[in-house]
Amino acid sequence: MTNLTQAPETYLDDEKALSTLADALQRGQLVLFLGAGVSKAASRKIPTWVDLVTECCQKKNVSFDANKAASNTYLRKRIEEVERKCSEEEYLALVENALYGNVKYDISLMKTDLFVALGSLVMNSLRGAAGAVVTYNFDDLLEWYLCYHGVRVEIVSKFPALSSRADVRVLHPHGFLPRLERFRGRRTNEIVFSQQKYEAEMTSQVSPRNEAQRALLGCNVGLFVGLSGEDPHISSLCEKVYNGIIRKERIIGFQLFVDESNEVESDEEQRERTDYNLARGIVSLHVEKYEDVPEFLLSICRRAAEL
C-alpha cells in the first residue's frame, strides 16, 4: 500500500508518483479531472476555448482582441458580453453550435490515443478502475466513447444528485451541452463559462457542485489532465480540501503538464508553479510532448496490473 502521508515534494519522483497512481487505481480511489485539452485531442474540429469564444463573439458582434486571448479572465469577460446579448436558450444554443461545428462522431474518434488511454483507466478490470471523472467540458464526447464500448455511465450534471449503479460516474460541474439525443435529458439550463457565473461559483459557500468536487478530492487521489494549472477556482477547491478537510495529512493529487506547451516558461517559473501546487497538496508531473500523455496514462494501468 502506498503511503500518501509523506511530504508532498517526495512524490515529485516519477517512479514514486507512478506507483502511487497505480495503487489508487487498483483500489478504485483514482478520480480523473479533465480540461479542454482532452476534448481537443479527440478531433482537430473540436474548438479550443479561444476558438469557441472567438466564434461566439463574431456571431453576436462582440469585439475580440486576439492579443489578449491568452488571458482566461479576458475570455470569460468576452463570453459574458455575448451572454448579455442573448436569451438564456439562445446563449446555450450559440455555445453548443460553436462547440460541435462539423464534428462527426465516427470510428476515427475511437482511434484517438488519449481517449483509448482514458477509457482504459475507467473501464472495469481486475487491476482496478478510476472511480469517477470530473470534466469541465460541456461536450459528450467522453460519454459517447465509453457507451460505445459498453461501459455503463452515470452522467451527473445537476447537483446534488442521487447515485445509481454504473461503471463510472462522469460529473459536469460547469454544465453539460450534449450533442447526442440519448444524453439530452442531462442537458443543463446554464453553464459556468462567463466571468460573472465563474466568480459566483468560485465564491459560493453553499454550491453543491463545489461540495461534490471537494468530497471527491477529500476521499480519493486526483489526476488532473488537460488543464493549464492556472484556474483559480480549481486551485481554491484544492486548497480548501488540503488545508481544511484533510489538514495536510496527505497529498490530494497530481497534475500532468506538457512541457512543450510552456516553451516560454523559465526554470524559475516552473519551480514557482510546482511550489504553488505543492502548497495545495498537488504534485506537478511533466511529460515532454502531448504524444506522451496517453503513454503515461497507460503506464498507470500496466503498473496497477503488476501490483
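Description of the structure in this document. All values reported here derive from a predicted model rather than from experimental measurement.

Cut-offs used in this document
Residues numbered from 1 in each chain as written. Predicted model: local features only at pLDDT ≥ 70, side-chain atom pairs only at ≥ 80, totals over all residues. Heavy atoms only, no water. Helix = DSSP H or I, 4+ residues; strand = E, 2+ residues; numbered from the N terminus. Rg over C-alpha atoms; globule rule 2.2 N^0.38 Å. Buried < 20%, exposed > 50% of the residue type's maximum accessible area, 1.4 Å probe, protein only. Contact = heavy atoms within 4.5 Å. Areas by Shrake-Rupley, 256 points an atom, 1.4 Å probe, with all protein chains shown as cover. Lys, Arg positive; Asp, Glu negative; His and termini not counted. Charge placed at Lys NZ, Arg CZ, Asp CG, Glu CD. Pairing = 2+ DSSP bridges. Axes fitted to C-alpha atoms, helices over the stretch in contact; angles between N-to-C directions. Parallel < 35°, antiparallel > 145°, perpendicular 65-115°, else oblique. Left-handed = near helix turned anticlockwise from the far one by under 90°. Nonpolar A, V, L, I, M, F, W, Y, C, P; charged D, E, K, R; others polar. Salt bridge = Lys/Arg side-chain N within 4 Å of Asp/Glu carboxyl O. Phe/Tyr/Trp six-rings, centres within 6.5 Å; stacked < 30°, edge-to-face > 60°. Lys NZ or Arg CZ within 6 Å of the ring centre and 35° of its normal.

1. Brief notes about the overall build of the protein chain
Secondary structure assignment for the protein chain yields 13 helices and seven strands. In terms of C-alpha radius of gyration, the protein chain reaches 19 Å, essentially the compact-globule figure of 19 Å for 307 residues. Each of the three principal axes of the protein chain carries a C-alpha extent, and together these read 55 × 45 × 40 Å. Counting every position in the protein chain, which comprises 307 residues, the buried fraction comes to 53%. For the protein chain, long-range pairs separated by at least 24 residues make up 72% of all intrachain contacts whose partners lie at least 6 apart in sequence. As displayed, the protein chain has an accessible area near 14,700 Å², and 48% of this comes from carbon and sulfur atoms. Computing the positive centroid from 38 side-chain charges and the negative centroid from 45, the protein chain places the two 6 Å apart.

2. Looking at the pairing of strand β2 (residues 132-135)
The alternating pattern of β2 places A132 and V134 on one face and V133 and T135 on the opposite face, and all of these are buried. Here strand β1 (residues 30-34) pairs with β2 via four bridges, running parallel. By the bridge assignment for β2, L32 is matched with V133. Here β2 runs beside strand β4 (residues 168-171); their pairing, made up of three bridges, is parallel. Its bridge partner being in β4, V133 is matched across the sheet by V170.

3. Thoughts on the sheet that holds β1
The parallel open sheet is built from seven strands, whose spatial order is β3-β4-β2-β1-β5-β6-β7. Pairing within the sheet leaves two strands with one partner each, and these edge strands are β3 (153-156) and β7 (282-287). If you compare each strand with its neighbour and ignore which way they point, the axes differ by 20 degrees on average. The pairing of β3 with β4 spans four bridges and is classified as parallel. Bridged to E154 within β4 is R169.

4. Considerations on the packing of helix α10 (residues 208-219) against helix α11 (residues 232-245)
The N-to-C vectors of α10 and α11 enclose an angle of 55 degrees; their axes lie 10 Å apart at closest approach. Comparing the axis directions of α10 and α11 gives the class oblique. When the axes of α10 and α11 are compared, the crossing they make is right-handed. Here N210, Q213, R214, L217 and G218 of α10 lie close against α11, whose contacting residues are H233, L237, C238, K240, V241 and I245. Broken down by class, the residue content of the contact of α10 with α11 amounts to five nonpolar, four polar and two charged.

5. Focus on the pattern of salt bridges
One pass over the structure, following the stated rule, counts 19 salt bridges. D292 serves as the salt-bridge partner of K289, at 3.4 Å between the closest nitrogen and oxygen. For K289, a relative accessible area of 34% puts it in the partly exposed group.

6. Here we look at unusual backbone geometry
Between F159 and the following residue, P160, the backbone shows a cis peptide bond with an omega angle of -5 degrees. Within the secondary structure, P160 is located in the loop between β3 and β4. Phi is positive for K248, close to 60 degrees, though the residue is something other than glycine. Taking the relative accessible area as the measure of exposure, K248 reaches 51% and is therefore exposed.

7. Here we look at the packing of helix α3 (residues 49-59) against helix α4 (residues 72-84)
In helix packing, the relevant descriptors are the interaxial angle and the interaxial distance, both defined with respect to the helix axes. It is the contact of α3 with α4, at a shortest axis distance of 9 Å, that shows an interaxial angle of 30 degrees. Comparing their axes, α4 and α3 come out roughly parallel. In the packing of α3 onto α4, the handedness of the crossing is left-handed. Between α3, through V50, V53, C56 and C57, and α4, the contact on the second element is made entirely by L75, R78, I79 and V82. Classifying every residue of the contact of α3 with α4 gives seven nonpolar, no polar and one charged.

8. Examining the packing of aromatic side chains
Under the definition given, this model contains 10 aromatic pairs. Judged by centre distance (5.2 Å) and plane angle (55 degrees), the ring pair of W49 and F193 falls under tilted. Taken together, the positions of W49 in helix α3 and F193 in the loop between β4 and α9 (195-203) put the pair 144 residues apart, joining distant regions of the chain. Pairing Y100 with Y105 gives two aromatic rings, centres 6.5 Å apart and planes at 65 degrees, and the pair type is edge-to-face. Among the aromatic residues, those joined into a cluster by ring pairs are Y100, Y105, W144 and Y148. Across the ring face of Y198, the terminal group of R76 is positioned such that the distance to the ring centre comes to 3.8 Å. Directly above the aromatic system of F257 lies the positively charged group of R273, at a separation of 3.7 Å from the ring centroid.

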